[in-house]
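Observations on the three-dimensional arrangement
So you can see what is in the structure, the chains are spelled out below.
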Amino acid sequence: MDKRLLSVIVPCFNEEANIAYFYDELMKNEQFFESKDLELELIYVDDGSKDQTVGEVKKLRDKDERVRLVSFSRNFGKEAAIYAGFVKAKGDYAVIMDADLQDPPSLLPEMFGYIEEGYDSVATRRVSRKGEPPIRSFFARRFYRLMNKISHADIVDGARDYRLMTRQVVDAILSLGEYNRFSKGIFGWVGFNTKWIEYENIERLKGETKWNFWGLFLYSLEGIVAFSTMPLALASILGVVFCFMAFILILFILIRSLFWHDPTPGWQSLTCIISLVSGVQLLCLGIVGQYLSKTYMEVKNRPKYLIKEEI
Ligand code: UDP
Ligand code: MG
C-alpha cells in the first residue's frame, strides 16, 4: 500500500503548558499510524500566543522533523488558525485537534476506521457538558435549536471542531473563502458523508478556556448572521405587523371622532406606543447593521491571518 499522509492541525493560543502533553498523547497512536501506513505531519498554528507556546513547539521540532509551525503576527482567533491549518496541510487526510487535550487523540483509530469504511468525514460531539457553567449550557442549547430552525448549516448540538476528513472535504472547505468564518456552520454546509461519534466531555488539561459568556454570545451572533438571513426577514415582518396595527388604530380613532365626536384621550398610551415602535425600529436597524458590517468586512477582502514565522 502507498504511504498516505495525515495532517494534524493544532490551533494554539497561550498553550505552553499543553504542547508537550498533547504531543506525547498523540504519539501513543504511533503504532496504529504505522500499521495503517500513515505518515504524520503535525501543524501547530500559533495564534499570536503571548507565552512560550512557540518555544515549546520549536523544542518539539528539534526532536521530530514532522512538526511544523505557523506563527501568526497577532491573535486572529481560532477560526483563522483552523483556516491557516487547512491551507498549509498537504495530507490526504486532515484532522483538527485542540491543544488542551479536550479532543482525545485516542479516538483517532476509531475515526480513521470510519474513513476506511467510506465516510468522507468523521465528526465528534460531546454528549455531556460536564464542568461547564449551567447558564452557558442553557444558552448553548437554545442557540443550536434556533440555528437549525433558521439555517441550512445543519449544526449539531455539542459538536466540536475535532474532525477527521479526506482531502476532498478539505478542498471543499478551502473553497469557501469568506472572511467571517464559522467553522461549525461551514462543516455542515459543505455536506459529504459524515459519521458522528460521541464522547463524554473532558475538561481542559492546563490553562484556561479563552471563551467567556460574552465572547460566546458574540460568536453565536456571528454564526447566525453567517448562515441565515432569517433575521432580515424578521425585520420586514415586524415592519408589516406594526404598519397593520397602526392602520387599524388610525381607522378606529377616525371613526370614533367622526361619528361620536370623541376627543382622543390618553397621552400615556401614545408614549407607550411611540417607545415600542421606536424600539422595534432600532432593533431592525441593528439587524440590518449586523449584515452590513459583515458585508463590509467581506468586501474589504483582508487576509484572514498574517504569518510572522513558519517552519
Ligand atoms: N484557540 C486559538 N485562538 C484563540 C482561542 C483559542 O487558536 O483565539 C485555540 C486554543 O489554543 C485551543 C482551541 O483553540 O487549542 C480551543 O480553545 P479553548 O480550549 O479555549 O476553547 P474551548 O475548548 O473551551 O471551547
Ligand atoms: Mg478547550
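The following paragraphs examine the structure supplied in this document. (Residues numbered from 1 in each chain as written. Chains lettered and ligands numbered in written order. Predicted model: local features only at pLDDT ≥ 70, side-chain atom pairs only at ≥ 80, totals over all residues. Heavy atoms only, no water.)

Here we come to the overall build of the protein chain. For the protein chain, the count of helices and strands is 11 helices and 8 strands. For 311 residues, the compact-globule formula gives about 19 Å, and the C-alpha radius of gyration of the protein chain, at 25 Å, lies well above that figure. Within the span of the protein chain, comprising 311 residues, buried residues form 44% of the whole. (Helix = DSSP H or I, 4+ residues; strand = E, 2+ residues; numbered from the N terminus. Rg over C-alpha atoms; globule rule 2.2 N^0.38 Å. Buried < 20%, exposed > 50% of the residue type's maximum accessible area, 1.4 Å probe, protein only.)

For the structure on display, the rule yields 17 aromatic pairs. Ring geometry for Phe 72 against Phe 76: centres 5.6 Å apart, planes inclined by 90°, an arrangement best described as edge-to-face. As far as burial versus exposure is concerned, Phe 72 and Phe 76 are alike and both buried. Here the aromatic rings of Tyr 93 and Phe 112 are separated by 5.2 Å at their centres, their planes lie at 80°, and the arrangement is edge-to-face. In this pair, Tyr 93 sits in strand S4 (residues 93-96) while Phe 112 sits in helix H5 (residues 108-117), placing the two residues 19 residues apart along the sequence. Pair check on accessibility: Tyr 93 and Phe 112 agree, each one buried. (Phe/Tyr/Trp six-rings, centres within 6.5 Å; stacked < 30°, edge-to-face > 60°.)

Attention shifts here to unusual backbone geometry. The phi torsion at Asn 14 lies on the positive side, around 50°, for a residue other than glycine. Mapped onto the secondary structure, Asn 14 falls in the loop between strand S1 (4-12) and helix H1 (19-27). Positioned with a positive phi, Phe 192 is a non-glycine residue whose angle comes to about 70°. With respect to the helices and strands, the residue Phe 192 is situated in the loop between helix H8 (183-190) and strand S7 (194-199).

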